[in-house]
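Chain residues, written in single-letter form:
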Amino acid sequence: MTRRIVIGTAALSMAVSLAACGKAGDDAESGSGGDSKTIGLLLPENKTTRYETFDRPIMEAKIKELCDDCEVKYNNAAQDTETQKKQFDALVTQGVKVIILDSVDYKATKSWVQQAEKKGVKVVAYDRLAEGPISAYVSYDNEKIGRLQGEALVKALGAKAKESNVVMINGSPTDPNAPLFKKGAHSVLDTQVKKVVYEQDIPDWSPDEANKKMGAAIDSLGKSGFQGVYSANDSMAGGIITALDKQGIKIPVGGQDAELAGLQRVLKGDQSFTIYKQIKPEAETTAEIAVKLLKGEKIDDLTPVKVDSLTGEFKGIPAKLYDAQIVTKDNVASTIIADKVYQAAEICTAEYKAACEAAGIK
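Keep in mind that this is a model prediction, so the values were computed, not measured. (Residues numbered from 1 in each chain as written. Predicted model: local features only at pLDDT ≥ 70, side-chain atom pairs only at ≥ 80, totals over all residues. Heavy atoms only, no water.)

Caption draft 1: Geometry of the packing of helix 3 (residues 81–93) against helix 4 (residues 110–118). Interaxial distance between helix 3 and helix 4 falls to 11 Å at its minimum, and their mutual angle equals 0°. It follows that helix 3 is roughly parallel to helix 4 by the angle criterion. Listed contacts from helix 4 to Thr 81, Gln 84, Lys 85, Phe 88 and Val 92 of helix 3 are Trp 112, Val 113 and Ala 116. Here the residues of the contact of helix 3 with helix 4 are counted per class, giving 5 nonpolar, 2 polar and 1 charged. (Axes fitted to C-alpha atoms, helices over the stretch in contact; angles between N-to-C directions. Helix = DSSP H or I, 4+ residues; strand = E, 2+ residues; numbered from the N terminus. Parallel < 35°, antiparallel > 145°, perpendicular 65-115°, else oblique. Contact = heavy atoms within 4.5 Å. Nonpolar A, V, L, I, M, F, W, Y, C, P; charged D, E, K, R; others polar.)

Caption draft 2: Structural view of the pairing of strand 7 (residues 165–170). The buried count for strand 7 comes to 6 of 6 residues, which makes it a mostly enclosed element. Here strand 7 pairs with strand 8 (residues 195–201) via 6 bridges, running parallel. Counted as the bridge partner of Asn 170 is Asp 201 from strand 8. The β-α-β motif built from strand 7, the intervening helix 6 (residues 177–192) and the parallel element strand 8 has right-handed crossover chirality. The pairing of strand 7 with strand 9 (residues 228–231) spans 4 bridges and is parallel. Counterpart to Val 166 in the pairing with strand 9 is Gly 228. (Buried < 20%, exposed > 50% of the residue type's maximum accessible area, 1.4 Å probe, protein only. Pairing = 2+ DSSP bridges. Right-handed = clockwise from strand over helix to strand, strands pointing away.)

Caption draft 3: Spatial organisation of the sheet that holds strand 9. Across the sheet, which stays open at both edges, the 4 strands sit in the order 8-7-9-10 with parallel pairing between neighbours. Looking along the sheet, the strands with just one partner apiece sit at the ends: strand 8 and strand 10 (253–254). Here helix 7 (residues 207–221) sits on the sheet and contacts strand 7, strand 8 and strand 9; the angle it forms with strand 8, its principal contact strand, is near 145°.

Caption draft 4: Representation of helix 7 in the model. In this model helix 7 runs 21 Å from its N-terminal to its C-terminal C-alpha over 15 residues, within 8% of the 21 Å that 1.5 Å per residue would give. Every buried residue belonging to helix 7 is among Ala 210, Met 214, Ala 217 and Ile 218, and all of these are buried. For helix 7, the angular spread of the buried residues around the axis is 100°, confining them to a single face. Of the exposed residues in helix 7, those oriented more than 90 degrees away from the buried face are Asp 208, Lys 212, Asp 219 and Ser 220. (Expected span 1.5 Å × (residues − 1). Arc of directions from axis to C-beta.)

Caption draft 5: View of the environment of Gly 158. Residue placement: Gly 158 occurs in the loop between helix 5 (142–157) and strand 7. A sequence separation of 94 residues divides Gly 158 from Pro 252, and the C-alpha atoms of the two residues are 10.0 Å apart.

Caption draft 6: Fine view of the side chain of Glu 259. Mapped onto the elements, Glu 259 comes out in the loop between strand 10 and helix 9 (260–268). The side chain of Glu 259 is buried and forms no salt bridge, while Arg 265, the nearest opposite charge, is found at 5.7 Å. (Lys, Arg positive; Asp, Glu negative; His and termini not counted. Salt bridge = Lys/Arg side-chain N within 4 Å of Asp/Glu carboxyl O.)

Right, dumping it as structure tokens:
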């Protein structure tokens, strides 16, 4: 599946029309208040540490900064689609006119968003592009992130890359970003390594399931049957590395998200790299868009590109896509610590003190 980016006057006029659909709360049909001063925030899961540690508090703080009397109604779906549907429907029933939605299952959201649109509710897709008539989308160039992951793994394999077999442990099939990461990674690995010899998608991004699949790959291929592992994120990389360690296998493994545990593994040498996505600008831009939509203001300046949904049914969605970068032990200090994602003291606990010192982190 591909995502088309379109720039032009027609797309711009669409963005204007979407942004000018009327002030929030103008056509509230029902609900118990909260329509003009309340923003709904629905996040998909709590297995990945970023959502509760960064995304939620950053968005809540920015919304409060921009609208001091606004309220945020927050829920986490704990990776359950039906739970998220109930949370979404409850916000609509309560009269909430702007919902920030990071979907559990992007395909399931189409009917929710369509019904919400009929009641004048604007939905901002956050991080994952949900299906339906979305008012705005904020994320990253996820296919590019996959390419960065592939490139970093090839670099970690070094001179032997062309002779190396690789295992791919991909993300959840219900996450629209996962096939984009996969596509981007394949675009590099298919031409720069010998072969992808084993590949699995992991439901719910489960580290435990990634661990099991890695064990199955070892059983199938043998300890010397592969020379590197692509992991779609850091949490799964942790499970993968545990399976490799159990068999005494030491090979390049990469991840994504720059999670604390992932960064510590990178510094220690257990994980070759991670991908750093600046969550703060993504979250703050989303908050700014949500507040503007709540006030009935235009969002053109915040959404410079247009994207289509993964099915291609919904076209010209106003969007902002951020870049990302590869992080290895050599640039943890100049990226993660310099940007104050984590302090050195948080990363360099007793177990990782020597690794931090070796990387010039004090």
